[in-house]
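# Geometric and topological summary
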Amino acid sequence: MPKEVIYDIEEFELSLRAYLNYVSRKLKKDENYNPHPIIMSLANAIEGSKSKGDPGVYAGLSGDSELYPDGEARKLIASLIEVHKDMTITIIKIDDLSNKRPIPIKVVSYAILLSIQLDRFLGDDINVDDFIELVNKSIPQINIIKFNNDEWKEARDYLAENMHNIHVHNELRSEFESEFGSIRESTLWEEYPSNVRMTIATTWMREKYANLFKEDVINIVNVHICDRYPKIKMLNSVLDFLYGQSSSFFDDIVKWPLFEDLNKFTDPSYKRIKIGRNDPCYCGSGKKYKKCCLP
């Protein structure tokens, strides 16, 4: 079983605030900096609170339309936060407007953790191998297994010989068999329908590399066409799995052990750490607190 990780509420709050301050500074210095819409929507909400200068509830909106030729956002995110007198924040809710559904706060937590890690890689793109390693380390309930594209012909032929053994929902089987049957010997791997590629790869990996699959986690076979992809697209692929329309991640598959202990003030001995005016600011700017994030 994955080792359970416990995050302290105050540690998470300070880390989130520090990261959002970092994002705001980075946006001002680097016009090419492109954080994920979840992060950008939170940063926009924070900027709204700074411009007004008062505690209260603030909203932020962001999308990723600039990544796609058609100009349509695949992720349009709306955030609602509450800013308190001590400038700590509470995330009230975050909605995925493009999919018309809320994003579970636990998924938001992972999106923030992954975004912090992704910012350590320069540029907008990331190598597939680096991303897989990052996700597998950051989300203990997920095990991403990379499919070797050099084996696609063997994998295709294996599936053709074992079509009766594949696990496809009955309502989708006829459609899948039709799509698979339309493939010719000369059809290139990148021209296969994405669901056919995934089924071929997953069937092959389970048969030939069963040792890479782990128990008590969600095993995902990654089928890549290129070696590098935009960070936002890679992160979206994980988020879609975690809370997408077909996901049963939270309801049926695994128990989520992270962040479920973040119940504020349940311990009567709980005391918030006080930051002095002359102490280094918690946002990491290097300035004194009174000259940086002190309200």
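Below is a summary of the structure that appears in this document.

## Here we look at the sheet that holds strand β1 (residues 56-63)
Taken in spatial order, the four strands line up as β1-β2-β3-β4 in an open sheet, and their pairing is antiparallel. Two strands close off the open sheet at either side, each with one partner strand: β1 and β4 (101-102). Pairing of strand β3 (residues 89-96) with β4, which is carried by two bridges, proceeds in the antiparallel orientation. Opposite aspartate 96, over in β4, you have arginine 101 as the bridge partner.

## As for the environment of leucine 67
Position of leucine 67 among the secondary structure elements: in the loop between β1 and β2 (76-83). Taking relative accessible area as the criterion, leucine 67 reaches 23% and is therefore assigned partly exposed. In the structure, leucine 67 is positioned 33 residues away from asparagine 34 in sequence and 10.0 Å away in space, judged by C-alpha atoms. If we skip the residues at most four places from it in the chain, leucine 67 touches Asn34, Ile232 and Lys233.

## Remarks on the environment of glutamate 177
Along the chain, glutamate 177 turns up in helix α6 (residues 170-181). The exposure class assigned to glutamate 177 is partly exposed, which follows from its relative accessible area of 35%. The sequence separation of glutamate 177 and methionine 163 amounts to 14 residues, and the corresponding C-alpha distance is 8.5 Å.

## Topic: the packing of helix α5 (residues 152-161) against helix α7 (residues 194-208)
Two numbers describe how α5 lies on α7: the axes approach to 9 Å, and their chain directions differ by 90°. The pairing of α5 with α7 is recorded here as roughly perpendicular in orientation. Residues Trp152, Glu154, Ala155, Arg156, Tyr158 and Leu159 of α5 pack against Thr199, Ile200, Thr203, Trp204 and Glu207 of α7. Looking at side-chain class alone, the contact of α5 with α7 contains six nonpolar, two polar and three charged residues.

## Comments concerning the nonpolar core
The biggest cluster of nonpolar side chains holds 42 residues, and the ones touching the most others in it are Ile38, Leu42, Ile94, Ile103, Ile112, Val135 and Ile139. Looking at this core, the elements with two or more residues in it are α1 (9-29), α2 (37-52), β2, β3, α3 (105-118), α4 (128-138), β6 (142-146) and α8 (231-243). The greatest single-element share of this core, amounting to seven residues, is contributed by α3. Look past the residues within four positions of isoleucine 94 in its chain and what remains in contact with it is Ile38, Leu42, Ile77, Ala78, Ser79, Pro102, Ile103 and Val108. Judged by nonpolar contacts, the second largest core, of 20 residues, contains Ile145, Tyr158, Trp189 and Trp204.

## What to know about the packing of aromatic side chains
Scanning the entire structure with this criterion turns up seven aromatic pairs. The interplanar angle of 25° and the centroid separation of 5.6 Å between the aromatic rings of tryptophan 152 and tryptophan 189 together place this pair among those described as stacked. Placement of the pair is tryptophan 152 in helix α5 and tryptophan 189 in the loop between α6 and α7, with a sequence separation of 37 residues. With respect to burial, tryptophan 152 and tryptophan 189 carry one shared label: buried. A centroid spacing of 5.6 Å and a plane angle of 80° characterise the contact between tryptophan 152 and tyrosine 192, whose relative ring orientation is edge-to-face. Of this pair, tryptophan 152 sits in helix α5 while tyrosine 192 sits in the loop between α6 and α7; the two residues are 40 residues apart in sequence, bridging distant segments of the chain.

## Some points on the pairing of β3
As paired strands, β2 and β3 are joined by seven bridges and run antiparallel to one another. Of the residues in β3, the one forming a bridge with isoleucine 81 is isoleucine 91. Counted along the chain from β2 to the antiparallel partner β3, the turn is five residues long, and its residue methionine 87 has a positive phi close to 70°. As consecutive antiparallel partners, β3 and β4 are separated by four residues, and within that stretch lysine 100 has a phi angle of approximately 55°, a positive value.

What counts as what
The numbers attached to residues start from 1 for each chain and follow its sequence in the written order. pLDDT decides what is reported in this predicted model: residues at 70 or higher carry local features, side-chain atom pairs at 80 or more are listed and counted, and totals for whole chains, interfaces and linings draw on all residues regardless. Hydrogens and waters are ignored; side-chain quantities use all the structure's heavy atoms. Strands are labelled as partners when DSSP assigns at least two bridges between them. Helix and strand assignments follow DSSP, with helices taken as H or I runs no shorter than four residues and strands as E runs no shorter than two, numbered in order from the N terminus. Classification of residues uses two cut-offs on accessible area relative to the type maximum, computed with a 1.4 Å probe and protein chains only: under 20% is buried, over 50% is exposed, and between them is partly exposed. We call two residues in contact when some of their heavy atoms are within 4.5 Å. Only the stretch in contact is used when fitting a helix axis, every axis being a line fitted to C-alpha atoms; angles between N-to-C directions are given from 0 to 180 degrees. Here the angle decides the label: under 35 degrees means roughly parallel, over 145 means roughly antiparallel, 65 to 115 means roughly perpendicular, and every other value means oblique. Each residue gets one of three labels, nonpolar for Ala, Val, Leu, Ile, Met, Phe, Trp, Tyr, Cys and Pro, charged for Asp, Glu, Lys and Arg, and polar for the others, Gly among them. Joining through side-chain atoms within 4.5 Å is the link that ties buried Ala, Val, Leu, Ile, Met, Phe, Trp, Tyr and Cys residues into a set, and such a set is a nonpolar core. Geometry of aromatic contacts follows a simple scheme: Phe, Tyr and Trp rings, the Trp one being its six-membered ring, pair when their centres are within 6.5 Å, and the pair is stacked under 30 degrees between planes, edge-to-face over 60, tilted otherwise.

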